[in-house]
Every structure is written in C-alpha cells, then in structure tokens.
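Coordinate analysis (summary)
The chain contents come next:
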Amino acid sequence: ITTKKTFELKGNLLYSVGDSYYLSAGSYPNWTTYMVNWSASDLPVPVGATVVEARLYVIYTWDKAGVMPDEVSLTFNGQMQTLEAHYSDRKGYGGYNYPYGMLVYNVTDVFNTSGNTAILNNMHTGGGNVSIRGMLLVVIYEDESEPKRMIFMNEGFDMLYGGPSKCTTPEEATAYAPFSGLTVDTANVTSAKLITVAPGAGPNEGDLIFNGHKWTD
C-alpha cells in the first residue's frame, strides 16, 4: 500500500463516508444506481481555505460478474468523472473467490464546500452482481491559519486473513504501507496522526503495527 500523494502546507485533511451504506447485490440483485451525499458539516472546510485535493474512493466487494471497473460510471455533482486508479484483490482459491477492490476518482475540480453528491451507475446487463461497501471522500485544504503539516496519502487494496482455517499465519497475512516522498525533520514534529481504512474489518480482529508498536482489535 504505497504513497500516492504528498502535501506540505499550512492546512489539514478531512474525510467522511457521508450517507453511504452497504449495498448487497444479494438483497438487491438488479440495482443500477448508488447515490451518496455529503453535507457541508460532513467536510467542514474553513471559510477562506483553498481545497487543493479531493479524492473519492468507491469500495466494492463480491464482484461476481467482473463488473468493476469497466461496467460502471460515476458522476460527481452532476459531472462525469474519469477513473484515476483501480485497486483490487481476491483470495485466489476455493469457493466464493470473488474480486474485492476500490475505485479512485480525483474530484478536486468539482468539489463544493456547501455539499456534494456522487452517483455510481451500474451498466452491467440486468444490473447488480457486485456489492458496494461504501464511499469515502477525502479533502485536503490550505489555510494560512493552520499549522504547517506534511500529509502522506497511501493507496492500495489488500485482502487479508491470517488463521489456520485458511492455512495462513498472521505474519503471512500482513500488508505493508511504507510512507515516502517527503523527509520529516522529527526534531520539529509536535504531533502525528495515522488514519487507516479497513472496509471489511470487524471490531475484534486484526493488529495494527506502526514502527514496531502494536494496537490490537
């Protein structure tokens, strides 16, 4: 899971899933549209700040018919968007061997601080055949009243399961996310925050290891 973008600025990062939800193709086998809204309070960009990057992540699961990425299209605030990246993984054996993954769109030019709407259109014949986990909208803004920050955005998608029932160990089922692209002068760091997105994880599973320190569940 590698560094896609870096920013060094006076500003900050905001993120929100809006009113997105899990849409099961099993429960709604012929779905053709999936809409998500974000209010101004979901992503409270300060008045006078400048949005320098807005990235939309569409996270899917159980892609039974290979719908992603070629049989969907996405509009953001009414404007058709171009897919920037597609990350996917699958377990690769046995039953229920379906792709999981994430579509990425750069929506900076059409982002609106007063509110936003994304609509995913499913063009697969008959609709359905892929389930949507949700959407995540991430915004980075510049504001002279904010402290100077370095922001590293890592992207990727790794499907993990470490346990004897799948003949794997936790060590084998580990994703690595090295941060690169900027040199950090640690003597001048006053705080650091790690934000990790694990769309399919339950509350009682998984370890997060950062520089040798571990957080469990």
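Residues numbered from 1 in each chain as written. Predicted model: local features only at pLDDT ≥ 70, side-chain atom pairs only at ≥ 80, totals over all residues. Heavy atoms only, no water.

Position of Asn122 among the secondary structure elements: in strand β8 (residues 115-122). From its side chain, Asn122 meets the backbone oxygen of Trp31 in a polar contact 3.4 Å long. A distance of 2.9 Å separates a polar side-chain atom of Asn122 from the backbone nitrogen of His124. Setting aside residues up to four positions removed in sequence, Asn122 forms contacts with Trp31, Thr32, Val67, Glu71, Val72, Gly127, Gly128 and Val130. (Helix = DSSP H or I, 4+ residues; strand = E, 2+ residues; numbered from the N terminus. Polar contact = N/O pair within 3.5 Å; in protein donor to acceptor, adjacent residues only side chain to side chain. Contact = heavy atoms within 4.5 Å.)

Turning our eyes to something else, we now look at the pairing of strand β12 (residues 213-216). Where strand β11 (residues 207-210) lies against β12, four bridges are found, and the strand directions are antiparallel. If you follow Asp207 over to β12, its bridge partner there is Thr216. Between the antiparallel neighbours β11 and β12 lie two residues, among them Asn211 with a positive phi of about 50 degrees. (Pairing = 2+ DSSP bridges.)

So, on to unusual backbone geometry. Of note, the bond from Met68 into Pro69 is cis; its omega dihedral lies within 30 degrees of zero at 0 degrees. By secondary structure assignment, the location of Pro69 is in the loop between β3 (50-61) and β4 (72-76). For Cys167, which is not glycine, the phi dihedral falls at a positive 60 degrees. Relative to the helices and strands, Cys167 resides in the loop between β10 (148-155) and β11. Cys167 sits in the exposed class, given a relative accessible area of 71%. (Buried < 20%, exposed > 50% of the residue type's maximum accessible area, 1.4 Å probe, protein only.)

Moving on, we get to the sheet that holds β8. Across the sheet, four strands lie side by side as β2-β8-β4-β5; this open sheet has antiparallel pairing. The two strands at the open ends of the sheet, each matched to only one other strand, are β2 (33-39) and β5 (79-80).

Attention shifts here to the sheet that holds β3. Taken together, six strands build an open sheet; the order of strands is β6-β7-β3-β9-β1-β10 and the sheet is antiparallel. Taken across any chain shown, the strands that pair with only one partner, and hence form the sheet edges, are β6 (83-89) and β10. Here the average twist between neighbouring strands, direction ignored, is 30 degrees. When strand β1 (residues 2-16) meets β10, the two strands line up antiparallel, connected through eight bridges. Residue pairing across strands places Thr6 opposite Phe152, the latter belonging to β10. (Axes fitted to C-alpha atoms, helices over the stretch in contact; angles between N-to-C directions.)

The next subject is the pattern of salt bridges. This structure, assessed with the given rule, holds eight salt bridges. With its nearest N and O atoms 2.8 Å apart, the salt bridge here joins Arg55 to Glu155. With Arg55 in strand β3 and Glu155 in strand β10, the pair connects residues that are 100 residues apart, well separated along the chain. Glu155 matches Arg55 in its accessibility class, with the two residues each being buried. Residue Arg149 pairs with Glu146 through a salt bridge whose shortest N-O separation is 2.9 Å. (Salt bridge = Lys/Arg side-chain N within 4 Å of Asp/Glu carboxyl O.)

Put simply, the second largest pocket is a space of about 150 Å³. Surrounding the second largest pocket, Val17, Ser20, Tyr21, Ile59, Arg133, Gly134, Met135, Leu136, Val197 and Pro199 form its lining. The element that contributes the greatest number of residues to the lining of the second largest pocket is strand β9 (residues 131-142), accounting for four residues. A breakdown of the residues in the lining of the second largest pocket according to their chemical character gives seven nonpolar, two polar and one charged. (1 Å grid on protein atoms, 1.4 Å probe; cavity = no way out; pocket = protein on both sides within 12 Å on 5 of 7 lines; lining within 4 Å. Points joined across faces, edges and corners; volume = space filled by probe spheres on them. Nonpolar A, V, L, I, M, F, W, Y, C, P; charged D, E, K, R; others polar.)

Counting 31 residues, the largest nonpolar core has Trp38, Leu56, Leu120, Met135 and Leu137 as its most contacted members. Looking at this core, the elements with two or more residues in it are β2, β3, β4, β7 (100-106), β8 and β9. Ranked by residues supplied to this core, first place goes to β9 with five residues. Excluding its chain neighbours within four sequence positions, the residues that come into contact with Leu137 are Leu14, Tyr15, Ser16, Trp38, Leu43, Arg55, Leu56, Phe76, Val107 and Phe111. Of all hydrophobic cores here, the second largest spans 15 residues; its members include Phe7, Ile59, Ala85 and Val104. (Core = buried A, V, L, I, M, F, W, Y, C linked by side-chain atoms within 4.5 Å.)

Under the criterion given, the structure shown has five aromatic pairs. Both rings, one in Trp62 and one in Tyr98, keep their centres 5.4 Å apart while their planes meet at 40 degrees; by these two values the pair is tilted. Here Trp62 is found in the loop between β3 and β4, whereas its partner Tyr98 is found in the loop between β6 and β7, with 36 residues between them in sequence. Of the residues examined, Trp62 reaches a relative accessible area of 29% and is grouped as partly exposed. Ring centres 6.1 Å apart and planes at 80 degrees place the aromatic pair Phe152 and Phe179 in the edge-to-face group. Within this pair, whereas Phe152 is found in strand β10, its partner Phe179 is found in the loop between β10 and β11, the two being separated by 27 residues in sequence. (Phe/Tyr/Trp six-rings, centres within 6.5 Å; stacked < 30°, edge-to-face > 60°.)

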